[in-house]
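Architecture and fold: a report
As a plain string of letters, each chain reads:
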Amino acid sequence: MLMLITYDVSSTSEGAERRLRQIAKHCLDYGIRAQYSVFECDVTPDQWVVLKDKLLKTYDPDCDSLRFYHLGSKWRSKVEHHGAKPAVDIFKDILIL
């Protein structure tokens, strides 16, 4: 299933840079960066439980925010891309990390 994960980390709070790096790393372990604070992650339900748990343990709920969009397995009809940065189909394109 495709999950779209967005986050906002308060840059003025203590430990912000560390949290920002950790959240991005957790997301990159399961997907690709679509924009600076937006990730597309192709995960199984079990992987989603693990990833979500890592993210919720990393962010600071008093000053940061996380948003999860469940796009499911039929996401292609729900996503349009326009603009300069080419879109990557994480199911068809070969990613070398």
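Residues numbered from 1 in each chain as written. Predicted model: local features only at pLDDT ≥ 70, side-chain atom pairs only at ≥ 80, totals over all residues. Heavy atoms only, no water.

Under an unreviewed UniProt entry, the name given to the protein is CRISPR-associated endoribonuclease Cas2, and the source organism is Mesocricetibacter intestinalis. The heading Subunit (unreviewed entry) in the UniProt record of the protein holds the text "Homodimer, forms a heterotetramer with a Cas1 homodimer." (UniProt positions renumbered as here; feature names shortened; annotations may be inferred.)

Describing the overall build of the protein
When its secondary structure is counted, the protein shows 2 helices and 4 strands. Per-residue burial for the protein yields a buried fraction of 33% across its 97 residues. Put simply, of all contacts in the protein between residues at least 6 apart along the chain, 64% involve residues at least 24 apart. Approximately 6,800 Å² of the protein is accessible, and the part contributed by carbon and sulfur atoms is 53%. (Helix = DSSP H or I, 4+ residues; strand = E, 2+ residues; numbered from the N terminus. Buried < 20%, exposed > 50% of the residue type's maximum accessible area, 1.4 Å probe, protein only. Contact = heavy atoms within 4.5 Å. Areas by Shrake-Rupley, 256 points an atom, 1.4 Å probe, with all protein chains shown as cover.)

A look at the packing of aromatic side chains
Taken as a whole and judged by the stated rule, the model has 2 aromatic pairs. Centre to centre, the rings of Tyr 7 and Phe 39 are 6.1 Å apart; their planes meet at 15°, and the pair counts as stacked. Here Tyr 7, found in strand β1 (residues 2-8), pairs with Phe 39, found in strand β3 (residues 38-42); they are 32 residues apart in sequence, far enough to count as distant. Note on Tyr 7: relative accessible area 7%, which makes it buried. A relative accessible area of 0% means that Phe 39 is categorised as buried. Seen in terms of ring centroids, Trp 48 and Phe 68 are 5.0 Å apart; in terms of plane orientation they differ by 85°. Their pairing is edge-to-face. Here the residue Trp 48 occupies a position in helix α2 (residues 45-58), and Phe 68 occupies one in strand β4 (residues 65-72), the gap between them amounting to 20 residues. (Phe/Tyr/Trp six-rings, centres within 6.5 Å; stacked < 30°, edge-to-face > 60°.)

Observations concerning the pairing of β3
Each regular strand carries side chains that alternate between the two faces of the sheet. Counting buried positions along β3 gives 4 out of 5 residues, so the element sits mostly inside the fold. Relative to β3, β1 is paired through 5 bridges, and the arrangement is antiparallel. Note that in β3 the partner of Leu 4 across the bridge is Glu 40. Note that strand β2 (residues 31-35) and β3 share 4 bridges and pair antiparallel. Of the residues in β3, the one forming a bridge with Ile 32 is Glu 40. Two successive antiparallel strands, β2 and β3, enclose a turn made up of 2 residues. (Pairing = 2+ DSSP bridges.)

Considering the sheet that holds β2
Across the sheet, which stays open at both edges, the 4 strands sit in the order β2-β3-β1-β4 with antiparallel pairing between neighbours. Each of the sheet's edge strands pairs with one partner strand only, and the pair in question is β2 and β4. Taken over all neighbouring pairs, the strand axes of this sheet differ in orientation by 25° on average, direction set aside. Alignment of β1 against β4, held across 7 bridges, turns out to be antiparallel. In the sheet register, Met 3 faces β4, and the bridge partner there is His 70. (Axes fitted to C-alpha atoms, helices over the stretch in contact; angles between N-to-C directions.)

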